Amino acid sequence: MQFEGEHLWLGELGHFFVLLAFTSSLLSAIAYFIASRKEDIAEKFSWIRFARVSFLIQTASVLTVFGCIFYICANHYLEYFYAYKHTSKELEFKYLLACIWEDQGGSFLLWSIWHCILGIFLIKKTKEWEAPVMTIVSLAQVFLAMMIMGVYLLGTKIGNSPFVLTRNEINGPIFSRPDYLTLIKDGIGLNVLLRNYWMVIHPPVLFLGFASTIIPFAFAYAGIQTKRFGDWVKPALPYALFSACILGVGIMMGGKWAYESLSFGGYWAWDPVENASLVPWLILVAGLHTMVVYKATSHSLRASYLFAILTFVFILYSTFLTRTGILGDTSVHAFTEAGNAMNNLIKTFLWFFTIGGLGLFFIHYKKIPAVHTEEKTNSREFWMFIGSLVFFLSAIFIIGLTSLPVYNKIPYLKDLIIKINGGPLALPEDPEFAYNKVMVMVAIIIGVLSAITQYFKYKNSAPGGVLKKIAIPTLIAALLTVAITFIYPITYYKQGYGYLGAIYLALFATTYSIIANAAYIWSGLNGKMKGAGGSVAHLGFALMIAGMLISAGNKKVISEDKFKDFIIPMGIDPLTKQQDNPAENMNLIRQVSTKMGPYEVTYLHDSVGKESNRRFYNLLFVRKDAATKKIQESFILNPDVYLMKDNNMSSNPDTKNYFTHDVFTYISYALNPDKNVDTAQFKLNEINEGDTMFYSKGYLVLNKVIKNPERNKFNIPSNGATLLADITVVNKDSSRYASTPMIMVDSLGISQIDDTVYAQNLFVKFAGVTENRKIKIGIKESDKMIDFVTIKAYIFPYINLVWIGLILMAVGFIMSMLKRTNITGRLYTIALVLTISALFYMFLLAN
């Protein structure tokens, strides 16, 4: 059958370049591997030239594949399942990019693109390390290309092609028609949770972080392959710093997205997908410190190997966790539709590099030089190694707990677990506390270590000298902590006083680190900022953790409403799987002001968004002086929801940002207007001014009729004769409300502007004037539910400390990287200014 309107050439072109990318990356890997083993210089460079050409062909192919997918999505070629599944015509243009990496194949393609860019940079910069390093990068490209091949080999499907056709993926009678495309009006569209600008930039940055972790791994392989066991550390260190910066920023971009776009009520929730990205970062930071130790003292080379290898291994393991659907029941944003073909390929990707990397490490373990003298406890390297060990163990703890669902699915192990445990292992009832109670201890140790370690010298330090230098920072940190305790105490009593005490200790440790690192820049480095990258990164990290402790510890729900007029059953929290607490959610009746914490909040109105089923809710927050009642502060928040066809909803919060706090709110329940249809009719009354009309909850008085009023509550400009009925509505409890329906006459005819008293669910119409000059007033008591929304609102204090700390930490990483690449002068300044400007805008200004 000849199908009409299809653009098959585009898919065929894209698929050809997928195959070309696979072939050229395989050739590149083989050529680089052969080159890395050649002693003859001419022969070696001959192979390298061939490998470079293959890698460049592969790069061009990957970019062409991306271009084909983007073109298909941008033009809504719905004959392609990719476009049908992820795009819709209502989407803003910027979300077309998010459509691409919403899909498994698109995210692997994004990862591959970053490998291409990094690979070109490595070809230019790595010199004698190029062949072994690029062998690893090219090998990874082989696997990533296989992820989107979608071909069968010996009856086994390899990867999922992004160019499959909708008619081949969905069964339906319309696909037996040649003109089936005329019947498909639009695609499914992007997941509503991803319709946020952070999802345009968060995945690319995070995947750049993922992709860059292969470089330390590749250098570690190169060190073993060339038997230059320690030489790889120096050239690898700037790349590791870059990777730590980008991966850290990418992770926290996800936190910012969760804060702005999800109704989690926070920036971090210990979701398994979040954990899976954090673990490699922790190990990478551990490896950074051991690499610095090795450079300075020749200690910790074996640890540097192990951490460099494990960082990339855990990137692959996190891919396995999030892409195979194994966490589908425990994570709100894990992929669950990979299929066996993709799952097996991801497992192969994981095991290839895990067995290969760790295998080479252990085989050559004894050949890797090691200093067998014990580090002295008064040396910097000793405490740096302890800090690295704490980071590594915390990573193992997090991934161990996150992987509970995995243990339950491993053959034999699952039977043993059931036999011992009496059933499958389950995550703790309060997973957040399960992680936090351990990580707060990690924060204490790391805070103290990052405060004092730099005051030690490598190899040996005079104990008295160190104590003398850290005495004043210690005293200031202690005094600051005491001051915070009295002036702004942490009020997190939920987990008892023991845990509260641990939070205070962590607060002291992070404050100590901030003060000590600032003092070290001032006194230890004499203000020489170019050498202060490490101290700036430590200071930023400590500030970020302190901000987390304060903002989470003193986070306050201001929408408490224990005695409601009516109770709406709360939904299940998508993260904790527990029912939300109705007492922490407040019902707001339209146009009725309600006290909420320090604010009076009024639900003014709602409006539809550009995208179907999306509604914005206009909430006015007013804070008045308690004595004078003068308005001190007022602002409007517009949280929105997507109302689903199945009556579920997805909320997008809105936040008012201040330097010292955020007011965070989201809709926890909203009426679906399509299901809340009003069938009541107006009842007409013919009355004179001063007369009374009755309704079921009270009565109305027509005070007067105003001709051509100067203004009206609807702010409708008058272009002709206007009559306004001034009516007072009096409820049985003596509550009084104003109602001002109107009649307007202009060149277009007569318009009746009805008024609504939402508090009474009462509609009032100025219906006209009789021949004997009586006023016709219509009254309708709606039989639909009173228009209201249920909201949850928090105040997050000092959350900007989190973002400022992150910016400082990233800047510290970049400073260290630039120093180790010997970049100075104008280029150094430009790089720093661009980094600071971009991060400052993204985390503190953009919203």
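All of the points below concern the structure found in this document. Note that the structure is a prediction, hence the values are computed from the model and not measured.

## Quick word on the overall build of the protein chain
Part 1 of the reasoning: Of the regular secondary structure elements, the protein chain holds 22 helices and 23 strands.
Part 2 of the reasoning: Projected onto the principal axes, the alpha-carbon positions of the protein chain cover approximately 115 × 80 × 65 Å.
Part 3 of the reasoning: Counting over 847 residues, the protein chain shows a buried share of 55%.
Part 4 of the reasoning: In the protein chain, the proportion of contacts linking residues at least 24 apart, taken out of those at least 6 apart, comes to 70%.
Part 5 of the reasoning: Surface exposure of the protein chain reaches about 38400 Å², of which carbon and sulfur atoms provide 61%.
Part 6 of the reasoning: The average position of the 74 basic charges and that of the 59 acidic charges among the side chains of the protein chain differ by 11 Å.

## Things to note about empty space enclosed by the protein
Over the atoms rolls a probe the size of a water molecule, and its path tells where empty space is left.
Part 1 of the reasoning: Summed over all chains, the structure comprises one cavity of 30 Å³ or more.
Part 2 of the reasoning: Together, Phe17, Val18, Ala21, Val62, Val65, Phe108, Leu109, Ser112, Leu144, Ala145 and Ile148 line the largest cavity.
Part 3 of the reasoning: Here the lining of the largest cavity is built from residues that sort into ten nonpolar, one polar and no charged.

## Quick look at the side chain of Ser25
Part 1 of the reasoning: When you line up the elements, Ser25 lands in helix H1 (residues 8-37).
Part 2 of the reasoning: A distance of 2.9 Å separates the side chain of Ser25 from the backbone oxygen of Phe22, its partner in a polar contact.
Part 3 of the reasoning: If we ignore the near neighbours within four places in the chain, the residues touching Ser25 are Gln58, Ser138, Gln141 and Val142.

## What about the nonpolar core?
What tends to happen in soluble globular proteins is that the nonpolar side chains get buried as a cluster.
Part 1 of the reasoning: If you look at the biggest cluster of nonpolar residues, it comprises 215 residues, and the most contacted ones within it are Trp111, Trp232, Trp281 and Phe843.
Part 2 of the reasoning: The greatest single-element share of this core, amounting to 16 residues, is contributed by helix H10 (residues 233-261).
Part 3 of the reasoning: Other than its neighbours up to four places away in sequence, Phe843 contacts Trp198, Val249, Met252, Met253, Lys256, Trp803, Leu806 and Ile807.
Part 4 of the reasoning: Counting residues in hydrophobic clusters, the runner-up holds 21 residues, among them Tyr599, Phe621, Ile667 and Ala793.

## Looking at the environment of Ile807
Part 1 of the reasoning: Examined against the element boundaries, Ile807 turns out to sit in helix H21 (residues 800-820).
Part 2 of the reasoning: When the C-alpha positions of Ile807 and Val536 are compared, they lie 10.0 Å apart, and in sequence the two are 271 residues distant.
Part 3 of the reasoning: For Ile807, the contacting residues outside a window of four places in its chain are Leu839, Phe840, Phe843 and Leu844.

## A look at a nonpolar patch on the surface
Part 1 of the reasoning: Nonpolar side chains collect at one region of the surface, where Val482, Phe486, Ile487, Tyr488 and Tyr798 lie side by side and expose about 550 Å² of accessible area between them.
Part 2 of the reasoning: Tracing the chain through its elements places Tyr798 in the loop between strand S23 (788-797) and H21.
Part 3 of the reasoning: Since its relative accessible area comes to 32%, Tyr798 is described here as partly exposed.

## What about the pairing of strand S11 (residues 654-657)?
Part 1 of the reasoning: Here S11 pairs with strand S12 (residues 661-670) via four bridges, running antiparallel. The residue bridging Asn657 from the neighbouring strand is Asp662, located in S12.

## Let's talk about the packing of helix H11 (residues 272-297) against helix H14 (residues 380-402)
Part 1 of the reasoning: Interhelical geometry of H11 versus H14 gives an angle of 160° and a closest axis separation of 9 Å. Relative to H14, H11 is oriented roughly antiparallel. Classified by chirality, the crossing of H14 by H11 is left-handed.

## Observations regarding the sheet that holds strand S21 (residues 762-769)
Sheet strands line up and pair through hydrogen bonds in the backbone, either parallel or antiparallel.
Part 1 of the reasoning: Reading across the sheet, the four strands line up as S13-S22-S21-S20 and stay open at both edges, with antiparallel pairing between neighbours. Looking at strand neighbours, the two that pair on one side only are strand S13 (683-687) and strand S20 (755-757), the edges of this open sheet. Here the average twist between neighbouring strands, direction ignored, is 30°.
Part 2 of the reasoning: Two strands pair when backbone bridges link them, and S13 and strand S22 (residues 775-781) are joined in this way by five bridges, in the antiparallel orientation. In the sheet register, Glu686 faces S22, and the bridge partner there is Lys776.

## Notes on a positive patch on the surface
Part 1 of the reasoning: Together, Lys234, Lys295, Lys819 and Arg820 give the surface a local cluster of positive charge.
Part 2 of the reasoning: Tracing the chain through its elements places Lys234 in helix H10.
Part 3 of the reasoning: When its relative accessible area of 60% is taken as the criterion, Lys234 is described as exposed.

## Here's the deal with unusual backbone geometry
Part 1 of the reasoning: For His76, which is not a glycine, the phi torsion comes out positive at approximately 50°.
Part 2 of the reasoning: Despite not being glycine, Ser300 shows a phi value in the positive range, around 70°.
Part 3 of the reasoning: By the element assignment, Ser300 lies in the loop between H11 and helix H12 (301-323).
Part 4 of the reasoning: Owing to a relative accessible area of 14%, Ser300 belongs among the buried residues under this scheme.

## Brief notes about the pairing of strand S7 (residues 614-624)
Part 1 of the reasoning: Where strand S6 (residues 599-608) meets S7, eight bridges bridge the pair, whose relative direction is antiparallel. Note that in S7 the partner of Tyr603 across the bridge is Leu619.
Part 2 of the reasoning: Relative to strand S9 (residues 640-643), S7 is paired through three bridges, and the arrangement is antiparallel. Residue Phe616 lies in a different strand from S9, and its bridge partner there is Asp640.
Part 3 of the reasoning: As paired elements, S7 and strand S8 (residues 631-637) share six bridges and run antiparallel to each other. Across the sheet, the residue bridging to Val622 is Ser634, located in S8.
Part 4 of the reasoning: If you look at the hairpin formed by S7 and S8, you'll find six residues sitting between the two strands, and Lys629 has a positive phi there, around 65°.

## Digging into helix H5 (residues 104-125)
Part 1 of the reasoning: Under the 1.5 Å per step criterion, the end-to-end length of H5 is 32 Å for 22 residues, consistent within 8% with the ideal 32 Å.
Part 2 of the reasoning: Counting buried residues in H5 gives 16 out of 22 residues, a clear majority hidden from the surface.
Part 3 of the reasoning: The backbone nitrogen of Gly105 has a side-chain oxygen 2.7 Å away, supplied by the residue at the start of H5, namely Asp103.
Part 4 of the reasoning: In the segment just after H5, Lys127 is the residue with positive phi, at about 55°.

## Re the environment of Lys347
Part 1 of the reasoning: Of note, Lys347 is situated in helix H13 (residues 340-363).
Part 2 of the reasoning: Lys347 sits in the partly exposed class, given a relative accessible area of 35%.
Part 3 of the reasoning: Each C-alpha atom, one on Lys347 and one on Tyr317, is 8.6 Å from the other, the two residues being 30 residues apart in sequence.

## With respect to H12
Part 1 of the reasoning: Look at H12: 33 Å from first C-alpha to last across 23 residues, which is about the 33 Å you get at 1.5 Å a residue.
Part 2 of the reasoning: By the criterion of burial, H12 is predominantly enclosed, with 22 of the 23 residues buried.
Part 3 of the reasoning: A positive phi of about 85° marks Gly325, the residue just after H12.

## Looking at the packing of aromatic side chains
Part 1 of the reasoning: One pass over the full model with this rule turns up 57 aromatic pairs.
Part 2 of the reasoning: Seen in terms of ring centroids, Phe143 and Phe352 are 5.2 Å apart; in terms of plane orientation they differ by 50°. Their pairing is tilted. Of the two residues, Phe143 sits in helix H6 (residues 130-147) while Phe352 sits in helix H13, which places them 209 residues apart along the sequence.
Part 3 of the reasoning: Classification of Phe352 as partly exposed rests on a relative accessible area of 41%.
Part 4 of the reasoning: Here the aromatic rings of Trp268 and Trp270 are separated by 6.0 Å at their centres, their planes lie at 90°, and the arrangement is edge-to-face.
Part 5 of the reasoning: On the basis of relative accessibility, which here comes to 10%, the residue Trp270 falls in the buried class.
Part 6 of the reasoning: An aromatic cluster is built from Phe108, Trp111, Phe143, Phe207, Phe210, Phe217, Phe312, Phe349, Phe352 and Phe353, whose rings are joined through pairwise contacts.
Part 7 of the reasoning: The lysine or arginine in question, Lys530, covers the ring of Tyr828, its NZ or CZ lying 5.2 Å from the ring centre.

## Quick look at the pattern of salt bridges
Part 1 of the reasoning: For the coordinates displayed, the defined rule picks out 13 salt bridges.
Part 2 of the reasoning: Between Lys792 and Glu584 there is a salt bridge, with the nearest N and O atoms lying 3.0 Å from each other. Of the two residues, Lys792 is situated in strand S23 and Glu584 in the loop between strand S3 (556-557) and strand S4 (586-589); the sequence distance between them amounts to 208 residues.
Part 3 of the reasoning: We note a salt bridge from Arg614 to Asp640, for which the minimum N-O separation is 2.9 Å. Within this pair, whereas Arg614 is found in strand S7, its partner Asp640 is found in strand S9, the two being separated by 26 residues in sequence.
Part 4 of the reasoning: Overall, Arg614 belongs to the buried group, its relative accessible area being 12%.
Part 5 of the reasoning: For Asp640, a relative accessible area of 4% corresponds to the buried category.

Rules used throughout
Residues numbered from 1 in each chain as written. Predicted model: local features only at pLDDT ≥ 70, side-chain atom pairs only at ≥ 80, totals over all residues. Heavy atoms only, no water. Helix = DSSP H or I, 4+ residues; strand = E, 2+ residues; numbered from the N terminus. Buried < 20%, exposed > 50% of the residue type's maximum accessible area, 1.4 Å probe, protein only. Contact = heavy atoms within 4.5 Å. Areas by Shrake-Rupley, 256 points an atom, 1.4 Å probe, with all protein chains shown as cover. Lys, Arg positive; Asp, Glu negative; His and termini not counted. Charge placed at Lys NZ, Arg CZ, Asp CG, Glu CD. 1 Å grid on protein atoms, 1.4 Å probe; cavity = no way out; pocket = protein on both sides within 12 Å on 5 of 7 lines; lining within 4 Å. Points joined across faces, edges and corners; volume = space filled by probe spheres on them. Nonpolar A, V, L, I, M, F, W, Y, C, P; charged D, E, K, R; others polar. Polar contact = N/O pair within 3.5 Å; in protein donor to acceptor, adjacent residues only side chain to side chain. Core = buried A, V, L, I, M, F, W, Y, C linked by side-chain atoms within 4.5 Å. Patch = residues over 30% accessible without salt bridge, like charges linked within 9 Å, V, L, I, M, F, W, Y side chains within 5 Å. Salt bridge = Lys/Arg side-chain N within 4 Å of Asp/Glu carboxyl O. Pairing = 2+ DSSP bridges. Axes fitted to C-alpha atoms, helices over the stretch in contact; angles between N-to-C directions. Parallel < 35°, antiparallel > 145°, perpendicular 65-115°, else oblique. Left-handed = near helix turned anticlockwise from the far one by under 90°. Expected span 1.5 Å × (residues − 1). Phe/Tyr/Trp six-rings, centres within 6.5 Å; stacked < 30°, edge-to-face > 60°. Lys NZ or Arg CZ within 6 Å of the ring centre and 35° of its normal.

Read these as spatial facts, not as claims about activity.
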